[in-house]
Amino acid sequence: MPLWDNNNLDDQPVWSAAADFRGGMNTTVLPHVLTDNQYAKGINTTLLKTGRIRTRGGMVANGVMASPATVQGMAYYETGPGTEEVLVVNDNELKVWNNSSFTAVPGYTLTGRVSAFQAQRHALFFSDTAAMYYDGTTVRAINHATIPVVLVTGSGYVVGDLLTLTGGTPEIDAVARVATIGASGEVLTVDWGTGATRGRGYTAAPSGYTGGSGTLATFTYALTTPPAGNIATWHTERVFLAGVAADRDTLYVSDILELDRFPTLSTVTIGSDGEAITGIHSWDNFSLLVFKANSTYTVSTDPRAEVVDWAVSKISSTVGSVSHWATMQVGADVWWLSRDGVQSVRRMIQETQREISGSVSVQVQSYIDDVNWAQVHKASMGYFDNKLFLSFASGTSTDNNTLLVFDTYHQVWSSEWTGPNVSLMVRSKFRNEQRLHFGTDDGLIRTYVDSSEVDTDELAATTDIPTELWFRSFSFGEPVSPKSLLNIELEFTDSTATLDLSLSAEGTPFETVAAGLASSVALLLLPFDLPASLSDGGHYRRAYNLLKYRQVSEAQPKVTAAAGRVSLRALVMSAFIEPMRIDY
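One structure accompanies this document, and this report is about it. Because the structure is predicted, anything quoted here is derived from the model rather than measured.

**Digging into the overall build of the chain**
Check the secondary structure of the chain and you find one helix and 52 strands. For 584 residues, the compact-globule estimate of 2.2 N^0.38 gives 25 Å, and the chain exceeds it by more than 25% at 31 Å. For the chain, the spread of C-alpha atoms along the principal axes amounts to about 120 × 60 × 40 Å. Evaluated residue by residue, the chain yields a buried proportion of 52% over its 584 residues. A total accessible area of about 25,500 Å² is found for the chain, and carbon and sulfur atoms account for 51% of it. Across the chain, 40 positive and 61 negative side-chain charges occur, with their mean positions spaced 2 Å apart.

Here it is in structure tokens:
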């Protein structure tokens, strides 16, 4: 066949480099069309601000947890110095981590996944059957007494008499007020007027009362509780609640500064399609984001207006949210997982307008395509150290077996982290030091420790963190002609791992070209044998001969390490351009 021979007397090699990795991970397009600083895949890697790529830190288990099971809820709770706790709902029990050990809190009776968050000086838990709160010591039901109904009017009472309800062992007693009386001081009605309180945290309905000027009046008593729904948040000093089975498109709203009072008229119907609300999130100022499966709304919750007068605005008729727990504030933006990938809502130039941006997960669309949509309601998000974490079930898994990381500093997806399956995430600030805690599907709580090179379980058993880095495919700016590979040079900084290097030609399976490669020079300790190399503590370069490799049109390198820290600064490949085949 004809050949176009461009050989000269002195062929010069051509070079192609990845001088940094700030372009992030892109699994969507083919490796040979990635930009110079993008890579095809990173497993258990993290991007540094300098553009260097490194093995992630470890997930270190926090103490021994009795009866580990899937984590159902997490919240950080703080009421002042000395009261800093991570609250974990695990195996239908509430457990408290005080930064040194776990303690079970008796009295928790909710089941299933819950919305958990702090409101005022309480931590609130909303399930699809009931609601409870934690005050730093005790767990109680969220409830209050209703106005007592008069059975026997008695006599001798005066308007304004305060009746302290007894029984039911509440945290705070209810006190009712005599509102109207008859000619002989009979109690006709009572109310919650001046000096009264509805009480809080009853274990049973009140059964009697003390106080008042008269005698012989008797009443019947009852308790009221919030509607049962597990989609809830704290916003503008109110509880907002959804997920109620009987009113799936309705948003329930508590009174201001009230944890347990949801007036009958304090509801907002979202949309007119009858679709269930799938998530809510507190945004900026008075704006509350409300999601359905296929639409997104904002509710202007101005406390100066009545609830019935709040404006509801639809900002998308096609994009919604698939999980209440997969929504996260990222700077001034809010990100969430939708059927179309990860979305963000951004403020437009005019304050009263909102828009939906395009999916921000285009670079990792292959992962989104593999989501197990039957289990996506379990998906969750977390944010820490300029990283957004997205956990979800993929393939046929029923647990969140995929954890993707978005680097908000470089604005790119950076890695997939393997290891423990992450159910939920929460950020703490013990002693003003921010940390990220992962609730994993084995029931443990693990803290992200950037300096650790291993994952641990509750008994401190360690698991090495494997690292994989799939680079872009190198065609040396010449997509047609075959190339004879010359060499590859890797530049490491602060690396400890032993690596394997492999190559893929034109998308074929990877072939190992070098195994057991050191990524650093060990420190010399006396005594030692000569010859020996001294480490200068700086960059460490390793070059490997590729002349024995067959001719290729493009080559994709990959490095893997079973353990230790990979810390890569740059990669350079060289080759000779060979004659192009013009007819074959």
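**A short note on unusual backbone geometry**
One non-glycine residue, N285, adopts positive backbone phi at about 50 degrees. Counting through the fold element by element, N285 comes out in the loop between β28 (277–282) and β29 (287–292).

**Comments concerning the nonpolar core**
Residues L337, L485 and M573 are the most contacted members of the largest nonpolar core, which totals 57 residues. The next biggest cluster of nonpolar side chains, apart from the first, holds 16 residues, and it includes L94, Y108, A116 and M132.

**As for the pattern of salt bridges**
According to the stated counting rule, one finds 19 salt bridges in the structure shown. In this structure, the salt-bridge partner of R54 is D450, at a minimum N-O distance of 2.6 Å. In this pair, R54 is assigned in strand β6 (residues 53–55) and D450 in the loop between β42 (445–449) and β43 (454–456), connecting sequence segments 396 residues apart. We classify D450 as partly exposed; its relative accessible area is 37%. Linked by salt bridges that have partners in common, E489, E491, R541 and R569 make up one network.

Procedures and definitions
Residues numbered from 1 in each chain as written. Predicted model: local features only at pLDDT ≥ 70, side-chain atom pairs only at ≥ 80, totals over all residues. Heavy atoms only, no water. Helix = DSSP H or I, 4+ residues; strand = E, 2+ residues; numbered from the N terminus. Rg over C-alpha atoms; globule rule 2.2 N^0.38 Å. Buried < 20%, exposed > 50% of the residue type's maximum accessible area, 1.4 Å probe, protein only. Areas by Shrake-Rupley, 256 points an atom, 1.4 Å probe, with all protein chains shown as cover. Lys, Arg positive; Asp, Glu negative; His and termini not counted. Charge placed at Lys NZ, Arg CZ, Asp CG, Glu CD. Core = buried A, V, L, I, M, F, W, Y, C linked by side-chain atoms within 4.5 Å. Salt bridge = Lys/Arg side-chain N within 4 Å of Asp/Glu carboxyl O.

These results come straight from atomic positions and should not be treated as a statement about function.
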